[in-house]
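# Working through the structure, step by step
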Amino acid sequence: MSKDRTFTIQLDEDLCKGSDCYICVNACPKGVFAEGERITPKGLRPSQVKDPDECIGCEICEFLCPDLGITVEEVGGTERVITSTPKGGATAPASGGWTTVQSSLDPGTHYMIGDEACAEGAIAAGCRFYAGYPITPASEIMVHMAKRLVQTDGVFIQMEDEIGSMAAVIGASWAGIKSMTATAGPGFSLMTENVGYACMTETPCVVVDVQRAGPSTGQASRPASGDVMQAKWGTHGGVEIIALAPWSVQEMYDLTIKAFNLAERFRVPVILLADAVTGHLRESFQVEETMELFDRIKVPGAPPFGSDDESGVPSMPSFGEGEELLITGSTHDRYGVRKTADPVVHERLVKRISKKIIAHMEEITDYELYFEDGAQRVVVAYGSTARSALWAVKAARERGERVGMLRLKSLWPFPGELIRDWGRRCEEFIVPETNLGQISQVVQQHTANPVSLVSQTNGEIMDPRRVRDFLMGRKSH
Ligand code: SF4
Ligand code: SF4
């Protein structure tokens, strides 16, 4: 610390609780702060910056203020580099990236429910921490993880609620461990605040939402796809998110592995949007002998929250590796230092954490096409509803209808270019959904062609006859 440099101290009176606190007044080694003299309309007496010229930039006040009300910045200073040397002076080699590993399950055919296959996918992907709270129809994931983590030297915690579960997952990820939670319905609502924290702190983790019929507690054991928009927009602030939608037990396994790879690759929370059908369905699935896994990139000393590439993914150190780490959901610079009043830093950060997803759409987007030859009408389906939709498309094809199907395995970021492309080749889109029309609206945003919704919201799996009859121009069931 030096008095050769000059610092500005911003004290946000709206955040300060004043005489209930005065931590800054007591903690500042240079007596910069003083008890307040003015009473605000809220009846509080915020502290005041009395002697800013005395400030030596130690940042004690900034770190100790419980309400994040103080920002200290050097006048004319550049970004502060917190550290670039791991403990002991040794420079650890860079690590991370793609590796080929043996599958944790025996290769071959396995027979489980989707929730169990999801848990096995997590174990296969290297997940060694699970924090959660039981909730139908996701509880079987938690039960299976409790059993499997004991066998794999992992850690399982049943938390007090879903808010704590998500927070614990974020903490474990910063400790360097691949982490996951699973929930449904109201539990997903509780998690969304911390999903936003994971977005802002660029914390890789996987959140499984086994969707059930809502709103609210709704029908706990019944399927629906009502959380699609919540996955995209549930957290405040508006950033891009990655969400995948499995339609089978096979994909509960495969897409859970993919979710971990994407989370690590892009340092984001990835949401697996399953549902009560894919979670509780029991069917066989195949496990290959080896698999490709991505581990987060670590470059010792590199800034953990910034990259020269504006769509880039920064290196991610872990606690315990000797680097000083500042992690905050508030706006921060490349080293995690809070910059809550800096418009340039804020804009750069918000754009980058979205751009790192959008710029890699091709790598993330996953879909399958069925009966595409000569298709004039295209059914766009996802999740368990796609099972019913495919039966209906086959039935319509057998009767001479020129219908095809696009099954979305990744929902967010939405593959708008794919819809635009198909819109030039077909005449109409049909979107069956077990909600009041969420993805159908997004499809319409990307095409001038007519888009028809086939909606079912009775807590049952989509009736395939409802889709078939719509395709055949008959009255639906
Ligand atoms: S530490 Fe923060 S909340 Fe407490 S008096 Fe100082 S500015 Fe106000
Ligand atoms: S940075 Fe240090 S010296 Fe400056 S006001 Fe805060 S506590 Fe006091």
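Everything here concerns the structure above.
Keep in mind it's a predicted model, so treat the numbers as computed, not measured.

### So, the overall build of the chain
Scanning the chain from N- to C-terminus turns up 15 helices and 20 strands. Here the C-alpha radius of gyration of the chain, 25 Å, is about what a compact globule of 477 residues would show, namely 23 Å. With the C-alpha coordinates aligned to their principal axes, the bounding extent of the chain is approximately 85 × 50 × 40 Å. The buried share among the 477 residues of the chain stands at 55%. In the chain, once contacts between residues fewer than 6 apart in sequence are set aside, the share between residues at least 24 apart is 73%. Computed over 47 positive and 64 negative side-chain charges, the inter-centroid distance for the chain is 4 Å.

### Some points on the sheet that holds strand β15 (residues 367-370)
As summarised here, the arrangement of the five strands in space is β15-β17-β16-β19-β20, forming an open sheet in which the pairing is mixed. Two strands in the sheet have a free side with no partner beyond their single neighbour: β15 and β20 (451-455). Ignoring which end each strand starts from, the neighbouring axes of this sheet average 20° apart. In this structure, β15 lies alongside strand β17 (residues 403-408), joined through four bridges in antiparallel fashion. When the sheet's bridge partners are listed, Glu-368 is paired in β17 with Arg-407. Running over the sheet, helix α12 (residues 385-398) touches β15, β16 (377-381), β17 and β19 (428-433) and is turned about 165° from β17.

### Digging into the nonpolar core
Membership of the largest hydrophobic core comes to 49 residues, with the highest contact counts inside it found for Val-380, Leu-411, Trp-412, Phe-429, Ile-439 and Val-443. When residues of this core are sorted by domain, at least three fall in each of domain 2 (96-296) and domain 3 (366-471). Once you skip the residues sitting within four places of it in the chain, Val-443 turns out to touch Val-380, Phe-414, Ile-419, Phe-429, Val-431 and Val-451. In this structure, Met-142, Ile-242, Leu-255 and Phe-285 belong to the second largest nonpolar core, which totals 45 residues.

### Considering the layout of surface pockets
One way to see where empty space is left: roll a probe the size of a water molecule over the atoms. Its volume calculated, the largest pocket comes out at about 320 Å³. Lining the largest pocket are 21 residues, with Arg-212, Ala-213, Gly-214, Pro-215 and Gly-226 sitting closest to its centre. The leading source of residues in the lining of the largest pocket is helix α6 (residues 185-200), at three residues. Partitioned by chemical class, the residues of the lining of the largest pocket number five nonpolar, 13 polar and three charged. A domain-level breakdown of the lining of the largest pocket finds at least three residues from each of domain 2 (96-296) and domain 3 (366-471).

### Regarding the environment of Pro-204
By secondary structure assignment, the location of Pro-204 is in the loop between α6 and β10 (205-211). Along the chain, Pro-204 and Phe-188 lie 16 residues apart, while their C-alpha atoms are 17 Å from each other. When sequence neighbours within four positions are dropped, the list of residues in contact with Pro-204 reads Ser-173, Ala-263, Glu-264, Arg-267, Val-268, Arg-296 and Met-316.

### Concerning the packing of α12 against helix α15 (residues 464-471)
Where α12 meets α15, the axes come as close as 8 Å, and the angle between the chain directions of the two elements is 40°. Taken together, the axes of α12 and α15 lie oblique to each other. Between α12 and α15 lies a crossing of right-handed hand. Here Ser-388, Ala-389, Trp-391, Ala-392, Val-393, Ala-395 and Ala-396 of α12 lie close against α15, whose contacting residues are Pro-464, Arg-465, Val-467, Arg-468 and Leu-471.

### Concerning the site of ligand 2
Around ligand 2 there are 14 residues in total, and Cys-28, Cys-55, Cys-58, Glu-59 and Cys-61 lie nearest to it. Within the shell around ligand 2, the residues separate by chemical class into 11 nonpolar, one polar and two charged.

### Details of the packing of aromatic side chains
For the coordinates displayed, the defined rule picks out six aromatic pairs. Residues Trp-98 and Phe-294 carry aromatic rings whose centres are separated by 5.2 Å and whose planes lie at 80° to one another, so their mutual orientation is edge-to-face. Here Trp-98 is found in strand β5 (residues 95-102), whereas its partner Phe-294 is found in strand β14 (residues 290-298), with 196 residues between them in sequence. Its relative accessible area of 48% is what places Trp-98 among the partly exposed residues. Note on Phe-294: relative accessible area 6%, which makes it buried. Both rings, one in Tyr-130 and one in Phe-156, keep their centres 5.8 Å apart while their planes meet at 10°; by these two values the pair is stacked. With Tyr-130 in strand β7 (residues 129-132) and Phe-156 in strand β8 (residues 155-158), the pair connects residues that are 26 residues apart, well separated along the chain.

### As for α15
Every buried residue of α15 is accounted for by Arg-466, Val-467, Arg-468, Asp-469 and Leu-471. Along its buried surface, α15 packs onto β16, α12, β17, β19 and β20. Remark: Gly-473 follows α15 within two positions and exhibits a positive phi of approximately 75°.

### Things to note about the sheet that holds β8
Sheet architecture is open: seven strands sit in the order β8-β7-β9-β10-β12-β11-β18, paired in mixed fashion. Either end of the sheet is taken by a strand with one partner, and the two such strands are β8 and β18 (410-412). Strand-to-strand twist in this sheet, taken as the mean axis angle between neighbours without regard to direction, amounts to 20°. Against the sheet, helix α5 (residues 162-174) engages β7, β9 (179-183) and β10, with an angle of about 165° to β9.

### Things to note about the pairing of β10
Of all seven residues that make up β10, seven are buried, and the element is covered over most of its length. Neither face of β10 is exposed, since Cys-205, Val-207, Asp-209 and Gln-211 on one face and Val-206, Val-208 and Val-210 on the opposite face are all buried. Both β9 and β10 contribute to a ladder of four bridges, which runs parallel. Its bridge partner lying in β10, Thr-183 is registered against Asp-209. Handedness of the crossover is the feature at issue here: the chain leaves β9, passes through α6, returns alongside β10, and the resulting connection is right-handed. Across seven bridges, the pairing between β10 and strand β12 (residues 269-275) is parallel.

The rules behind each value
Residues numbered from 1 in each chain as written. Chains lettered and ligands numbered in written order. Predicted model: local features only at pLDDT ≥ 70, side-chain atom pairs only at ≥ 80, totals over all residues. Heavy atoms only, no water. Helix = DSSP H or I, 4+ residues; strand = E, 2+ residues; numbered from the N terminus. Rg over C-alpha atoms; globule rule 2.2 N^0.38 Å. Buried < 20%, exposed > 50% of the residue type's maximum accessible area, 1.4 Å probe, protein only. Contact = heavy atoms within 4.5 Å. Lys, Arg positive; Asp, Glu negative; His and termini not counted. Charge placed at Lys NZ, Arg CZ, Asp CG, Glu CD. Pairing = 2+ DSSP bridges. Axes fitted to C-alpha atoms, helices over the stretch in contact; angles between N-to-C directions. Core = buried A, V, L, I, M, F, W, Y, C linked by side-chain atoms within 4.5 Å. Domains from an automatic or database assignment. 1 Å grid on protein atoms, 1.4 Å probe; cavity = no way out; pocket = protein on both sides within 12 Å on 5 of 7 lines; lining within 4 Å. Points joined across faces, edges and corners; volume = space filled by probe spheres on them. Nonpolar A, V, L, I, M, F, W, Y, C, P; charged D, E, K, R; others polar. Parallel < 35°, antiparallel > 145°, perpendicular 65-115°, else oblique. Left-handed = near helix turned anticlockwise from the far one by under 90°. Near = heavy atom within 4 Å. Phe/Tyr/Trp six-rings, centres within 6.5 Å; stacked < 30°, edge-to-face > 60°. Right-handed = clockwise from strand over helix to strand, strands pointing away.

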